[in-house]
Amino acid sequence: MAVVDRTRLAELLDRERTRFRAEHSGSRAVNRQANHLFGRVPMTWMSKWSGGFPLALDTAKGNRITDVDGLTYIDFALGDTGAMAGHSPAPTVRAVISRAATLGGITTMLPTEDAEWVGAELTRRFGLSQWSFTLSATDANRWAIRLARLVTGKPKLLVFSYCYHGSVDETFLVVGPDGSPVSRPGNVAPGVDPTQTTRVVEWNDLAAVEHELAHGDVAVILAEPALTNIGIVLPEPGFHDALRALATKYGALLMIDETHTISAGPGGMTARDALQPDIFVIGKSLGGGIPFGAYGLSEEVARNVHRHTATGVADIRDVGGVGGTLAGNALSLAAVRATLAEVLTDEAFANMIRLASQYTLDVKRILDEVDLPWSVTQLGARAEYRFVRPEPRNGGESAAAADDELDEYLHLFTLNRGILMTPFHNMALMCPDTTAADIDRHAEVFGDAVNDLVGR
Ligand SMILES: Cc1ncc(COP(=O)(O)O)c(C=O)c1O
């Protein structure tokens, strides 16, 4: 079995860093000149890209990005799912121009006919019947959590260790080394210690879920249907049925966040695997890049919320803590309507999933050829490799397999050869513009990267 020689890895990493710096003087200059940006980037997490500074964007179309140095990349990062519909898909652009320029009214605090169309389409895809719109998945999660507390009268959340649901304060905790909950390392100055608001267990651990629910204080279980933010960790057979049954047994709501797992198909894992959430959350992809998020409520939860708001106990129309002024704006909804109707279609998903299967097979074959004990996991139109085999079965195991140097090496090796991977992990996402030739090119480059690594 091949092992990674750390001295060799350090040398290779140096070689890739040098090449990156030499070929990206334009991007570097954009970064250097950004004296008025905190951390020299528009948002602090953009400094996470490997190489010391991010590529500066010039143009993007379909699954191609061109930087200010004139270099073009096959984009498998796709804005970490925000651009899952491809960059500037034509139907979305037409709808945006029509709403913004022809009709006018980018944001007015008034409903448009597009809004009901989008609500009905979300019901068709995901099943829940009542929808509200936000500008991000974070906001959708944050506001839906309040509603869950409202209708259950219970204070706490239950989440899975190493989950990520956006910058929602209550979700930043993990199962610590001794099995007790701890604030996630790096959690920026939380106002309230999350161990006070939230219970946390490892993914796929149903006994732990039941143990925590038995305290009787959990309003809502918040889960991605598969973990996707600590590598992809799939649910074991029967996990979701049992989770649903346990939520019902202990009077907690089940809230499913499909922001990333929409890659499983047009209706996400919820439709594919017949999941039965009480609350559903999505964001990032549906607006074709225009900010949009949504939460869906079951008929029963919606009725319950109305009961509480009708008495004036809870205010969801003004300053009760649920709402954003630009949420549900006309531009976002025009973009979502066009993207769902014409871009992220059933046929597009079928093709994207087929390509991701080929990508996954290629990575597996290459790892077997060099005998590296890594694994690759596919979730519909996305796939991700981890530096451990067998695949981790929970967040803790997956976190333990993290390797920053290997991440940087693979990100820079692929980037230097025209392939962009998601900076936060080794994830590749397909969009409607991805082609079989792009998958072949990735296989070639990934093969060269691991061959160099093991010295073949
Ligand atoms: C599962 C999941 N939910 C929510 C979010 C938050 O999305 P946003 O940052 O767009 O609010 C993310 C972001 O990565 C996510 O992966």
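Computed from a predicted structure; not experimentally measured. (Residues numbered from 1 in each chain as written. Predicted model: local features only at pLDDT ≥ 70, side-chain atom pairs only at ≥ 80, totals over all residues. Heavy atoms only, no water.)

Novice: How would you sum up empty space enclosed by the protein? Please name residues and give values.
Specialist: Summed over all chains, the structure comprises one cavity of 30 Å³ or more. In this model, the largest cavity occupies a volume close to 50 Å³. Forming the walls of the largest cavity are W49, S50, H411, L412, L415, L420 and M421. Counting residues per element, the lining of the largest cavity draws most heavily on helix 14 (residues 404-416), which supplies three residues. (1 Å grid on protein atoms, 1.4 Å probe; cavity = no way out; pocket = protein on both sides within 12 Å on 5 of 7 lines; lining within 4 Å. Points joined across faces, edges and corners; volume = space filled by probe spheres on them. Helix = DSSP H or I, 4+ residues; strand = E, 2+ residues; numbered from the N terminus.)

Novice: Would you mind going over the pattern of salt bridges in detail, with residue names and values included?
Specialist: A complete count under the given rule lists 27 salt bridges for this structure. Residue D368 pairs with R389 through a salt bridge whose shortest N-O separation is 3.4 Å. Here R389 lies in the loop between strand 14 (382-386) and helix 13 (395-400) and D368 lies in helix 12 (residues 346-370), a separation of 21 residues in the sequence. In this structure D368 comes out as partly exposed when scored by relative accessible area, which is 49%. When salt bridges with common partners are traced through the structure, they connect R15, E16, R417 and D452 into a single cluster. (Salt bridge = Lys/Arg side-chain N within 4 Å of Asp/Glu carboxyl O. Buried < 20%, exposed > 50% of the residue type's maximum accessible area, 1.4 Å probe, protein only.)

Novice: Describe the site of the ligand, listing the residues and the values that go with them.
Specialist: Near the ligand, the surroundings consist of 13 residues, among which T138, N229, D257, H260 and K284 are the closest. Measuring from an oxygen atom of the ligand, one finds a backbone N or O atom of A137 at 3.4 Å. In terms of residues, the shell around the ligand owes the most to one element, helix 5 (residues 137-152), which gives three residues. In the shell around the ligand, the residues fall into two nonpolar, eight polar and three charged. (Near = heavy atom within 4 Å. Polar contact = N/O pair within 3.5 Å; in protein donor to acceptor, adjacent residues only side chain to side chain. Nonpolar A, V, L, I, M, F, W, Y, C, P; charged D, E, K, R; others polar.)

Novice: Please set out the sheet that holds strand 10 (residues 253-257) residue by residue, giving values where relevant.
Specialist: Working definition: the strands of a sheet are paired by backbone hydrogen bonds and lie parallel or antiparallel to each other. Spatial strand order, 4-12-11-10-9-5-8: seven strands in an open sheet with mixed pairing. Here the strands that pair on one side only, and so sit at the sheet edges, are strand 4 (130-134) and strand 8 (198-201). On average, each strand axis in the sheet is inclined to that of its neighbour by 20°, with strand direction left out of account. (Pairing = 2+ DSSP bridges. Axes fitted to C-alpha atoms, helices over the stretch in contact; angles between N-to-C directions.)

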